[in-house]
Amino acid sequence: MSRFFSKSRIFNSIRFYIFLLVFVAGLLPSLIFASSLSNSYEQKSVSTETIEIISQIRTLSNRILSENYFEDPTSQQVEAYVDLLSAIYDGRIMIINKDYAVISDSYHLAENKTVLSSEVIAAMQGVDVSNYDGENAFIEVVVPVEASETGEVLGVILASVSSTDITMNIEYMSENAMVLGFAVLILVTIVAVFGSARIVRPFIRMSENIEKMQTSMEEAELSILDYEETRKVSYAFNDLIARMKQTEESRQEFVSNVSHELKTPLTSMKVLADSLNSQEDVPAELYREFMEDIAAEIDRENNIINDLLTLVKLDRTNGEININSVNINELIELVLKRLRPIAARHNIEVVFETQRNVIAEVDEVKMTQVITNLVENAIKYNTDDGWVHVTLNADAAFFYITVEDGGMGIDEESLPHIFERFYRADKSHSREIGGTGLGLAITRSAVLLHRGTIKVDSQLGNGTTFSLRIPLNYRTK
Ligand code: ADP
């Protein structure tokens with residue numbers, strides 16, 4: 001686990017990014033909500049209070065008009081109302097006449113003084129003016145007093161009231177918001193930490209399982225099915241492991257087969273040599289006979305090694321193919337010409353039948369080997385006075401070769417295996433004939449390299465037919 005969360009890697013981990021995402025997504029909305037809540041509360045409270053003050057001032061304004069206060073500023077009723085308003089709103093009320101002189105001040109500080117603030121001047125033009133000073137916590141309202149008939153502005157009323165209750169409410173709200181914010185922060189952090197750990201857990205398990213597999217490949221199987229993604233990775237991984245195991249098995253099997261096949265001629269040679277050495281005064285004929293047997297075993301060893309090298313080369317140069325336009329009729333004729341003397345030893349008739357001339361894009365060396373192997377087998381696994389028929393045909397896309405013999409045939413059980421390396425249907429016979437068990441494996445590899453197909457049809461005792469289908473034009477893809 002520690003490897004995953006070492007300092008240098010933590011900022012690169014999925015877990016860190018998930019943590020960040022959950023953290024930001026969880027915290028940001030609450031921060032925005034808290035700040036917009038206190039802002040809108042402040043605006044709403046100020047506007048409600050301002051409207052209320054204006055309405056109270058209008059009542060005062062009506063009283064001033066009815067008492068004709070600007071003409072005779074002695075009205076007890078007006079004075080009492082000014083004091084009342086001042087007390088209710090914890091503020092200062094001033095009545096200013098159209099000469100900008102204060103004729104009443106609830107604080108009794110500015111009577112007869114002139115007030116020329118921009119708000120008062122604006123209100124003298126007949127408009128209500130209001131101002132909020134959040135920092136110093138007060139609301140200032142200036143309302144014109146207009147004569148009811150003419151609409152003439154006779155003066156203004158200025159109210160400067162404290163807004164500390166609003167400020168206190170906001171402070172109280174902020175404190176609560178802080179506590180709530182802190183709680184949200186802790187909650188979001190917990191969710192982010194545990195949530196991210198939970199989300200990445202399957203990936204950590206996956207990596208731990210893979211690490212364990214390095215020690216024992218035998219029971220290697222990944223099964224992390226928590227998410228669609230880990231499920232897919234598990235299946236893909238298991239497929240890969242299965243293929244690796246298969247490759248490893250066939251490699252081991254091949255190596256053990258090779259060792260066995262290479263050892264067999266050596267063992268025979270050793271037996272022959274030992275039996276000669278153990279006898280005294282061995283007659284010259286026996287010596288010659290044994291030495292011929294040893295030479296035959298050396299040839300066999302040589303054949304196996306050559307076939308192995310061909311096969312390995314075909315495997316390794318998979319896709320490496322030397323394509324040329326080749327006259328297939330001539331190629332077959334040449335192979336048959338070379339093999340007829342061998343067939344003649346057992347009086348086997350080899351016939352080539354074709355109705356047309358076929359030119360195809362093939363690797364000449366490999367194609368020669370394919371036909372040689374098939375015809376050689378047809379001769380080898382034949383009977384004396386037997387026959388071998390080779391046919392060639394073609395259509396627009398492919399050419400077809402069949403190699404048919406009336407020989408010993410292959411039993412049903414062996415038929416599916418004959419293209420396997422070192423497989424021999426009739427072991428004793430094949431060895432006696434000098435087969436390596438690699439010929440058909442080489443043939444198949446070469447045919448596949450040409451993107452062709454090879455099929456076999458056989459009946460024990462009745463003969464065998466190999467059918468090839470190969471594209472006339474070799475395409476790289
Ligand atoms: P080998 O070197 O033993 O001939 P091959 O790979 O060429 O190896 O063939 C594999 C086996 O298939 C042979 O051992 C033989 O038993 C069988 N076989 C191949 N061709 C024929 C055939 N034309 N008739 C009967 N059996 C055949």
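In what follows, the structure referred to is the one given above.
Just so it is clear, the structure is predicted and the values come from calculations on it, not from any experiment. (Residues numbered from 1 in each chain as written. Predicted model: local features only at pLDDT ≥ 70, side-chain atom pairs only at ≥ 80, totals over all residues. Heavy atoms only, no water.)

Draft legend 1. Spatial organisation of the overall build of the protein. Across its full length, the protein holds 11 helices and 12 strands. Sequence separation of 24 or more characterises 64% of the internal contacts of the protein that already satisfy a separation of 6 or more. The positive charge centre, built from 42 side chains, and the negative charge centre, built from 69, are 10 Å apart in the protein. (Helix = DSSP H or I, 4+ residues; strand = E, 2+ residues; numbered from the N terminus. Contact = heavy atoms within 4.5 Å. Lys, Arg positive; Asp, Glu negative; His and termini not counted. Charge placed at Lys NZ, Arg CZ, Asp CG, Glu CD.)

Draft legend 2. Main features of the packing of aromatic side chains. In the structure shown here, the tally under the stated rule is seven aromatic pairs. Aromatic side chains phenylalanine 19 and phenylalanine 23 sit 5.7 Å apart centroid to centroid with 15° between the ring planes, which places their arrangement in the stacked category. Of this pair, phenylalanine 19 and phenylalanine 23 both sit in helix α2 (residues 14–66), separated by four residues, roughly a single helical turn. Phenylalanine 23 sits in the partly exposed class, given a relative accessible area of 22%. Taken together, the ring pairs connect Phe11, Phe16 and Tyr17 into an aromatic cluster. Here the basic side chain of arginine 63 rests over the ring of tyrosine 81, its NZ or CZ set 4.6 Å away from the ring centre. Seen from the ring of phenylalanine 254, arginine 421 lies directly overhead, with NZ or CZ sitting 4.9 Å from the centre. (Phe/Tyr/Trp six-rings, centres within 6.5 Å; stacked < 30°, edge-to-face > 60°. Buried < 20%, exposed > 50% of the residue type's maximum accessible area, 1.4 Å probe, protein only. Lys NZ or Arg CZ within 6 Å of the ring centre and 35° of its normal.)

Draft legend 3. Representation of the nonpolar core within the structure. Of all hydrophobic cores here, the largest spans 53 residues; its most connected members are Ile328, Ile332, Phe399 and Ile401. When near neighbours in sequence (up to four residues on either side) are disregarded, isoleucine 401 contacts Ile328, Ile332, Ile371, Val390, Thr391, Leu392, Phe466, Ser467 and Leu468. Judged by nonpolar contacts, the second largest core, of 25 residues, contains Ile53, Phe70, Val145 and Ala159. (Core = buried A, V, L, I, M, F, W, Y, C linked by side-chain atoms within 4.5 Å.)

Draft legend 4. Local environment of the packing of α2 against helix α3 (residues 76–88). The interhelical angle for the contact between α2 and α3, taken along N-to-C directions, is 170°, at an axis separation of 10 Å. When the axis of α2 is compared with that of α3, the two are roughly antiparallel. Only Gln77, Val78, Tyr81, Val82 and Leu85 of α3 make contact with α2, whose side of the interface consists of Gln56, Thr59, Leu60, Arg63 and Ile64. Class assignment of the residues belonging to the contact of α2 with α3 gives a composition of six nonpolar, three polar and one charged. (Axes fitted to C-alpha atoms, helices over the stretch in contact; angles between N-to-C directions. Parallel < 35°, antiparallel > 145°, perpendicular 65-115°, else oblique. Nonpolar A, V, L, I, M, F, W, Y, C, P; charged D, E, K, R; others polar.)

Draft legend 5. The arrangement of the pattern of salt bridges in detail. One pass over the structure, following the stated rule, counts 10 salt bridges. Arginine 92 is paired through a salt bridge with aspartate 105; the nearest N and O atoms lie 2.7 Å apart. You can see arginine 92 sitting in strand β1 (residues 91–97) and its partner aspartate 105 sitting in strand β2 (residues 102–105), a full 13 residues away along the chain. Given a relative accessible area of 21%, arginine 92 falls into the partly exposed group. What makes aspartate 105 buried here is its relative accessible area of 0%. When the shortest N-O distance is used, the salt bridge between glutamate 248 and arginine 251 registers 3.1 Å. On the criterion of helical spacing, the pair formed by glutamate 248 and arginine 251 is a turn pair, its members being three residues apart in helix α6 (residues 228–278). (Salt bridge = Lys/Arg side-chain N within 4 Å of Asp/Glu carboxyl O.)

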